[in-house]
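An overview of the molecular structure
Now for the letters of each chain:
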Amino acid sequence: MRGLARVNLSMANNLLSVWGTIGSVLLAILVLLVMITVHEFGHYLAGKILHFKINEFSIGFGPALFKRKRKKSDEVFSIRLIPLGGYCSFADEDGLEEEQKEETAPEPFAEEFSENATEESVPVEEIAEAAPEEENPKKRKKKREVELGKFNDKKPWQRIIVLVSGALMNYILAVFLIIICFFAYGQTMTAVYRTAPIEGIPTEYTEENSLQDLDILLKANGKSIYLTTDIAKAVNGKKAGDTVKFTVSRAYGVVWETNEKGEERPSFDHREVITVEVKLRSDVKVKNSADLDSVWGALGIRQAESGGYELASSSYRFGFFETLGRSFMYSFKIAGSIFKIIGELLTFNLNITALGGPVTTIAMTSKIASSSFRGLLEIAGFIGVNLAVFNLLPIPALDGSKVVFTVIEWIRKKPISRKVEAVIHAVGFVLLLGFAVLVDILQFVL
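Read on for a plain summary of the structure. Each chain has its residues counted from 1, following the order in which its sequence is written. Given that the model is predicted, a residue must reach a pLDDT of at least 70 before its local features are reported, and side-chain atom pairs must reach 80 or more before they are shown or counted; all residues, however, enter totals for whole chains, interfaces and linings. Think of the side-chain values as coming from all heavy atoms in the structure, minus any hydrogens and water.

A separate point is the overall build of the chain. By definition, any uninterrupted DSSP run of H or I lasting at least four residues is a helix, any uninterrupted run of E lasting at least two residues is a strand, and each is numbered from the N terminus. Within the chain, the secondary structure is distributed over 12 helices and 10 strands. Each residue gets one of three labels from its accessible area relative to the maximum for its type: buried under 20%, exposed over 50%, partly exposed in between, using a 1.4 Å probe on protein chains only. Residues classed as buried in the chain amount to 35% of the 446 residues present. What makes two residues a contact is simply this: any of their non-hydrogen atoms within 4.5 Å. Within the chain, residue pairs in contact and separated by at least 24 positions form 69% of the contacts whose partners lie at least 6 positions apart.

Written as structure tokens, this is what we have:
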């Protein structure tokens, strides 16, 4: 009976683990769905304000689970089966419908001057009776203001506003989530968990010019730290023995205790913010955003037995206005890191395996979002900024590319062939999808 009980308990634990994994994945999908829906709502909101005719606003792809049509505007709101996206469909968004009409339109006045046309005289009285009664100018003006137009019938600047509004909405939500996170929990900062011992290295390295256990890194060379790349930038290119000024929150009276599981855990009396002239223990040469080993080695951080360095993340609270300012600056830093990574990829300084596709993104999001509500806020804010920036890149099929085509039309006073543009976007979408799948495959193969 005891053996059976142990088996049942093991099965229950495995089942709970499976359900926990499924729940984490569903949470990650929900985060992505919300972010994409917010993006499409940005397009929708700008379209409504500028009187674009909208055919459908959909949450998800695939077969419709729910549909509702508004009688006044003929807009359709739908919820679809596959919760991995959504769309806001504008009337004749690709412009092919209008271009096809122009190609098949008859020559003007062809009917009047054809051989079979007959001319009939119409009394002036009948024309007067058939003419509609003249509308009140105020009513006519009001009617014209609410008239809905097709996407490509609108002015270029109006289309550009609609195109960028999705990314703008993503960014606004992301900053809002970052602000909530920073005020509620503090900003997540890079911290030293354990430092390498100074015994056995030259005597000029002392506790006074070295980082200590549990130091939280706040500034490097007087500049605030937001990402690990800020630390790398401060020390990159420097030689062993050079000094770098760090502002740190230092723990005093650190004691390492061993718990029942044999794990070492620290305790400390209090913290103070101090400035330390850190003497680098080795040369620093950073190749790309993922190559930070030389940075941690130079700063004297201990290497872990499992590989890597003994770093940690720690919350740190700043003042009200500083927290507000740092929230915006943090979002700018995330956006800047995207452009930096793209540049490193194009110059072959960064391996493609450093990226992640949809599967990797969902896996990472599920892990972080399910850890805590704070993790959920952080990853949602991070994804929001990434979506905003990525969608504005001039890559075919993305909003940024459509903005480029609209600007070209604005300058030329006429559009590039809508068919050519549609083919370019279609090819771009296939290539993007293929690239995303390839990146995920490489994560598992290499």
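There's plenty left to go through after this.
This brings us to the packing of aromatic side chains. For Phe, Tyr and Trp, rings pair up if their centres lie within 6.5 Å, where Trp contributes its six-membered ring, and each pair is then called stacked (planes under 30 degrees apart), edge-to-face (over 60) or tilted (otherwise). Taken as a whole and assessed by the stated rule, the structure comprises 14 aromatic pairs. With 5.0 Å between their ring centres and 65 degrees between their planes, Y316 and F318 make a pair best called edge-to-face. Among the residues examined, Y316 registers a relative accessible area of 18% and is labelled buried. A relative accessible area of 18% places F318 in the buried class. Between F320 and F321, the aromatic rings sit 5.1 Å apart at their centres with planes inclined by 85 degrees, giving edge-to-face as the arrangement. The pair formed by F320 and F321 is uniform in burial state, with each residue classed as exposed. The structure contains a cluster of three or more aromatic residues connected by ring pairs, namely F41, Y44, F57, F66 and F77. Taking NZ or CZ as reference, R194 lies 3.9 Å from the ring centre of W256, over its face. The criterion for a charge sitting over a ring is simple: Lys NZ or Arg CZ within 6 Å of the ring centre, and within 35 degrees of the ring normal.

With that out of the way, let us pick up helix α9 (residues 358–369). One fewer than the residue count of a helix, multiplied by 1.5 Å, yields its expected span. Taking 1.5 Å per residue, 12 residues should reach 16 Å; α9 reaches 16 Å between its end C-alpha atoms and fits that length. Residues of α9 that are buried include every one of I362, T365, S366 and A369, and no others. Burial along α9 is one-sided: seen end-on, the buried residues are contained in an arc of 100 degrees. In this description, the arc belongs to the directions extending from the helix axis to the C-beta atoms.

This next bit is on the packing of helix α5 (residues 156–185) against helix α10 (residues 373–391). Whenever a helix is involved, its axis is fitted only over the stretch in contact; in every case the axis is a line through C-alpha atoms, and angles between N-to-C directions fall within 0 to 180 degrees. Relative to each other, α5 and α10 sit at 155 degrees, their axes nearing to 8 Å. Judged on the interaxial angle alone, α10 and α5 are roughly antiparallel. Relative to α10, the crossing made by α5 is left-handed. Of the residues in α10, those touching α5 at A167, N170, Y171, A174, L177, I178, I180, C181 and Y185 are F373, R374, L377, E378, A380, G381, G384, V385, L387 and A388. Looking at the contact of α5 with α10 residue by residue, the class counts come to 14 nonpolar, 3 polar and 2 charged. Put simply, angles under 35 degrees are roughly parallel, angles over 145 are roughly antiparallel, angles from 65 to 115 are roughly perpendicular, and the rest are oblique. Should the near helix be turned counterclockwise from the far one by less than a right angle, the crossing is left-handed, whereas a clockwise turn marks it as right-handed. The residue classification treats Ala, Val, Leu, Ile, Met, Phe, Trp, Tyr, Cys and Pro as nonpolar and Asp, Glu, Lys and Arg as charged. All others, Gly included, are polar.

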